[in-house]
There are 2 protein chains.
Amino acid sequence: MENTYCIIMAGGVGSRFWPMSTSKKPKQFLDILGVGSTLLQQTYERFESICLPQNIFIVTNIDYKTIIEEQLPQLNPTHILVEPLRRNTAPCLAYATNKIHKLNKNAVTIVAPSDHLILNQDAFKKAIKSCVIKAKEDNCLVTIGIKPTNPDTGYGYIQFVNSTAVEQDKNMYKVKTFTEKPTLEIAQQFIDSGDFLWNSGIFIWTTKGFLNALELYDEPLATRFKAGEKIYGTDKEAEFLTKAYTDSKNISIDYSLLEKANNVYVRSSVVGWSDLGTFGSLHAHIKQDKFQNALIGKNIVQYDCNNCLVNVPNEKLVVMQGLNDYIVVESKGVLLICKKQDEQLIRNFVNDVKVHKGEQFI
Amino acid sequence: MENTYCIIMAGGVGSRFWPMSTSKKPKQFLDILGVGSTLLQQTYERFESICLPQNIFIVTNIDYKTIIEEQLPQLNPTHILVEPLRRNTAPCLAYATNKIHKLNKNAVTIVAPSDHLILNQDAFKKAIKSCVIKAKEDNCLVTIGIKPTNPDTGYGYIQFVNSTAVEQDKNMYKVKTFTEKPTLEIAQQFIDSGDFLWNSGIFIWTTKGFLNALELYDEPLATRFKAGEKIYGTDKEAEFLTKAYTDSKNISIDYSLLEKANNVYVRSSVVGWSDLGTFGSLHAHIKQDKFQNALIGKNIVQYDCNNCLVNVPNEKLVVMQGLNDYIVVESKGVLLICKKQDEQLIRNFVNDVKVHKGEQFI
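As the structure is a computational prediction, the values presented were derived from the model and not from experiment.

A. Up close: the packing of aromatic side chains. All names here are of chain A. The final tally for this structure, using the stated rule, is 36 aromatic pairs over all chains. Through a chain of ring-to-ring contacts, three or more aromatic side chains come together here, namely Tyr95, Phe225, Tyr232, Phe240 and Tyr245. Of note, Lys134 hangs over the ring of Tyr265, and the distance from its end group to the ring centre comes to 4.1 Å.

And the structure:
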């Protein structure tokens, strides 16, 4: 247990939930489900029963350090690893893993996004436990794969080799390929074949196994962050990082490492997972009234509305009538009303607003 | 000219434009058309070119005295006649006419609501002028009737006797009947008959003529407010009014007097009038974009919206997509989204909000 660490990645900024989520306060820092705690807080709590609290680290962008300190006052502030620039997950994990490896050469780390939903904590713990065993045993790279329920085109897919289920866990497979978001037709073929899982973005590996693999498949990145070994934890760390991040490409760990490595395993899991990546997926996970309206806000009065997703401040009185399948979101002086089926347009709206109305709204 | 007075009635409170209009700040005190001045201010300006400014009086409820002082700083504060209670137009005009009659026994008064639109000021002036002549000549009661353009069921109708057009103004007729808001079928019959006009609620009479008629047709009311003759303008006026209003029935001047009197005339007029009584009528009078959206607010961005009426504070950023024929109104922390065709439901919404959320929202 004392060798198990968790790295929560909380540096992302998305525009899909605008104006609820903004660049100043992205999704992971919001109580987006209306349950009284933010996604980051939920993620932290989830790992408190998996790791020792003192083994939990959060990697984030400098902009969000204060928010994290506010939302997780129990966290040792030195466990907030601050990235000076946004360079996607590969530099992020090269940095965080080296930091932890310096602390404990026998560490096994669980890497997880900060803004996902996991409904079945027991099944999740069981899956993680199995992955930790596998990672320690082989120093291999293990991912959590989610058993798909539909040909969702919003997720990445992991193909596994069916015959290689390992003995102690029949849901643990060797990975064959990673595929980015597919078309609907291809997604359907994936589902039909039975040997594809959704890529949850949750990874388990020993620091040793990860650093070895990185050295093999992305040597410059591995070297760049290994060079900080003596600097991590000193007052030169920030300066070192600025240079290291500036020199690094913007690249995901999937692309930089996982797609290339030949010792990647996936644990097929049914854990009630969602990346909460769209208003649609959000809607499904919020308590609904009998008209399938998911209403977050304490003063929402609806007449003849169906299947709407509403998220407004508690003090706001909203009276809405005759809306079907709409998103209504208000946050910090910005109101969005949009058909749910057209939510992919929100990115465009955000761009337009940025250009025509100013960055302060984004 | 010095005998011509104007009484602007600004005490009404309506719920049809909620949440734009609230009981604290009803429609007449709002820049509901987004033109930079409130309906009260527009009404005042309209009469400045008809009366001497020192002959303009405003009757209102005590609640609105401060708003009127703010919106019309040029008005002598003693010209705001304050009603202690809401008792509809009959007590209101009994009071105001007695006040003016005390000042000038030869006064002719133009009575007008504070929240209507009149687009053709020249035609309106001409109509008023003719009514003033008629009222002075006969000490009769004259109303402005609007030539109807459609069988609107939201208006009252005035039937005139076609053969009695008076000599000096062929649009001046004797009134036969007043009818409250009719059904569509009846309204259509009215239009077809050609001898019905819309009741604008604008009246012209000499104070003498009005007080004589009131004595004939509503003697208790006439006596009650005549009794204040020596008290008006003294420090006992407020006390007197509280009793007089408490003793008075809630009754309109149409019902109390005009429907009974036999010396009522109507001047058929085409003056670009609207009582702005519905969001629909409001929509028609606001500048529209090429998609027939009437957008009041400086930061409204619309995609794929048609025929919507939006009224939000300037500082509010609204991004709306995929709405057709909707009303979107935000005011003081309250947001209303409603199908335009269902706007008559807004009164119900207001009642529900009052009961379930509290009077502070109304």
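B. Seen up close, the relation of the copies chain B and chain A. Least-squares fitting of chain B to chain A yields an RMSD of 0.1 Å, with the superposition described by an axial translation of 0.1 Å and a rotation of 179°. Viewed as a symmetry operation, the transformation between the two copies matches a two-fold axis. Across chain B, the rotation axis passes nearest the C-alpha of B:Leu323, at a separation of 4.5 Å.

C. Region of interest: the pairing of strand β8 (residues 172-179) of chain A. Residue and element names in this part refer to chain A. Note that strand β7 (residues 157-161) and β8 share five bridges and pair antiparallel. Looking at β8, one finds that Val161 is bridged to Lys174. In the sheet, β8 pairs with strand β10 (residues 264-269) via three bridges, with the strands oriented antiparallel. Counted as the bridge partner of Lys174 is Tyr265 from β10.

D. Structural detail: empty space enclosed by the protein. All names here are of chain A. Tallying each qualifying case throughout the model produces one cavity of 30 Å³ or more. Reported here for the largest cavity is a volume of approximately 30 Å³. Lining the largest cavity, in full, are Asn98, Leu211, Glu215, Ala222 and Lys226. Contributions of two or more residues to the lining of the largest cavity are made by α6 (207-217) and α7 (219-226). Classifying every residue of the lining of the largest cavity by side-chain character gives two nonpolar, one polar and two charged.

E. Quick look at the packing of helix α3 (residues 89-103) of chain A against α6(A). Residue and element names in this part refer to chain A. Two numbers describe how α3 lies on α6: the axes approach to 10 Å, and their chain directions differ by 135°. The pairing of α3 with α6 is recorded here as oblique in orientation. By crossing handedness, the relation of α3 to α6 is classed as left-handed. Contacts between α3 and α6 involve Leu93, Ala94, Thr97, Asn98, Ile100 and His101 on the former and, on the latter, Thr207, Lys208, Phe210, Leu211 and Leu214. Here the contact of α3 with α6 is composed, by residue class, of six nonpolar, four polar and one charged.

Criteria and thresholds
Residues numbered from 1 in each chain as written. Chains lettered and ligands numbered in written order. Predicted model: local features only at pLDDT ≥ 70, side-chain atom pairs only at ≥ 80, totals over all residues. Heavy atoms only, no water. Phe/Tyr/Trp six-rings, centres within 6.5 Å; stacked < 30°, edge-to-face > 60°. Lys NZ or Arg CZ within 6 Å of the ring centre and 35° of its normal. Least-squares fit on C-alpha atoms with pLDDT ≥ 70 in both. Pairing = 2+ DSSP bridges. Helix = DSSP H or I, 4+ residues; strand = E, 2+ residues; numbered from the N terminus. 1 Å grid on protein atoms, 1.4 Å probe; cavity = no way out; pocket = protein on both sides within 12 Å on 5 of 7 lines; lining within 4 Å. Points joined across faces, edges and corners; volume = space filled by probe spheres on them. Nonpolar A, V, L, I, M, F, W, Y, C, P; charged D, E, K, R; others polar. Axes fitted to C-alpha atoms, helices over the stretch in contact; angles between N-to-C directions. Parallel < 35°, antiparallel > 145°, perpendicular 65-115°, else oblique. Left-handed = near helix turned anticlockwise from the far one by under 90°. Contact = heavy atoms within 4.5 Å.

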